[in-house]
Amino acid sequence: MALTPDDVVTKQFQHVRFKDGFDPDEVDDFLDEIVIEWRKALEENVELKAKLAAYESGDAPAAPAAAAEAPAAVVEEAPAPAPAEPAPSGSATATAGIIELAQRLHDEHVAEGEAKRAQLIAEAEGEVNRIRTEAEAKQREESARLERERNALEARITELRNFERDYRSQLRGYIEGQLRDLDEKSASTDSTPVSAIGL
């Protein structure tokens, strides 16, 4: 199917996911210029084809419009104009050049978008790896800190248990000593004669 100026005007490009490649306004302005020149080329092509058909059928004036502005003597001596094949060919070449330029711009736009996408993905993956590495390092540090705290608490608990055991032992010994003293005093009081207490 032949490409028309309206195809260029209505062509929709997909935007890249993270950021546009080319400036969309600049691309639109340039495509508008292409459409204007393309339409001019198509109109000129139609006009030249009509003139060619008129010349071939013999309905056209004796000389083309450009030759009409030249001196009459030159027009009379000039041979019949050759078929206007080069002009349409040139117009077709210009049209092909415009299409090729538009395709190249499209390809560059897509390539730049893909390159930008790959760059953003690579940067995102690098950032993810960096964050993961930092998180793993922090986790290791936190685990080591908690392990040190746990060891310190266990040592403190052992110390407190030993202190409690020693304290209970000392307290038991003290109480038993006090009870022995009371028993000895009570026994000595019971063995004292009544005359010794003044009765």
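Our subject is the structure listed above.
Quick caveat, the model's predicted, so the values are computed rather than measured.

Conventions and cut-offs
Residues numbered from 1 in each chain as written. Predicted model: local features only at pLDDT ≥ 70, side-chain atom pairs only at ≥ 80, totals over all residues. Heavy atoms only, no water. Helix = DSSP H or I, 4+ residues; strand = E, 2+ residues; numbered from the N terminus. Buried < 20%, exposed > 50% of the residue type's maximum accessible area, 1.4 Å probe, protein only. Contact = heavy atoms within 4.5 Å. Areas by Shrake-Rupley, 256 points an atom, 1.4 Å probe, with all protein chains shown as cover. Phe/Tyr/Trp six-rings, centres within 6.5 Å; stacked < 30°, edge-to-face > 60°. Patch = residues over 30% accessible without salt bridge, like charges linked within 9 Å, V, L, I, M, F, W, Y side chains within 5 Å. Salt bridge = Lys/Arg side-chain N within 4 Å of Asp/Glu carboxyl O. Expected span 1.5 Å × (residues − 1).

1. What to know about the overall build of the protein chain
Point 1. From N to C terminus, the protein chain includes five helices and zero strands.
Point 2. Expressed as a percentage of its 199 residues, the buried residues of the protein chain come to 10%.
Point 3. At a minimum sequence separation of 6, the contacts of the protein chain that also span at least 24 residues come to 78%.
Point 4. Within the structure as shown, the protein chain displays about 16,100 Å² of accessible surface, and the carbon and sulfur contribution to it stands at 56%.

2. Side note on the packing of aromatic side chains
For any pair of aromatic rings, geometry is given as the distance between the ring centres together with the angle between the planes.
Point 1. Within this structure, the stated rule accounts for one aromatic pair.
Point 2. When the ring of F163 is compared with that of Y167, the centres are 6.1 Å apart and the planes differ by 20°; the resulting orientation is stacked. Note that F163 and Y167 are positioned in helix α5 (residues 86-190) at a spacing of four residues, about one turn of the helix.
Point 3. For F163, a relative accessible area of 56% translates into the label exposed.
Point 4. Given the relative accessible area of 47%, Y167 is considered partly exposed.

3. Thoughts on a nonpolar patch on the surface
Point 1. Taken together, F163, Y167, L171, Y174, I175, L179 and L182 make up a surface patch of nonpolar side chains, about 760 Å² in accessible area.
Point 2. Here L182 shows up in helix α5.

4. Digging into the pattern of salt bridges
Point 1. Enumeration according to the criterion identifies ten salt bridges in this entry.
Point 2. Across the salt bridge formed by E127 and R130, the nearest N and O atoms sit 2.4 Å from each other. Residue E127 and its partner R130 are both found in helix α5; the two are separated by three residues, about one turn of the helix.
Point 3. Close ionic contact of E134 with R130 constitutes a salt bridge, the shortest N to O distance being 2.6 Å. Of this pair, E134 and R130 both sit in helix α5, four residues apart, which is roughly one turn of that helix.
Point 4. Linked by salt bridges that have partners in common, E127, R130 and E134 make up one network.

5. Remarks on helix α2 (residues 24-57)
Point 1. Between its first and last C-alpha, α2 extends 49 Å over 34 residues, near the 50 Å set by a 1.5 Å rise per residue.
Point 2. Inspection of α2 places L31, I34, V35, W38, A41, N45, L48 and L52 among the buried residues, and these make up the whole buried set.
Point 3. Phi turns positive one or two residues past the end of α2, at G58, with a value near 85°.

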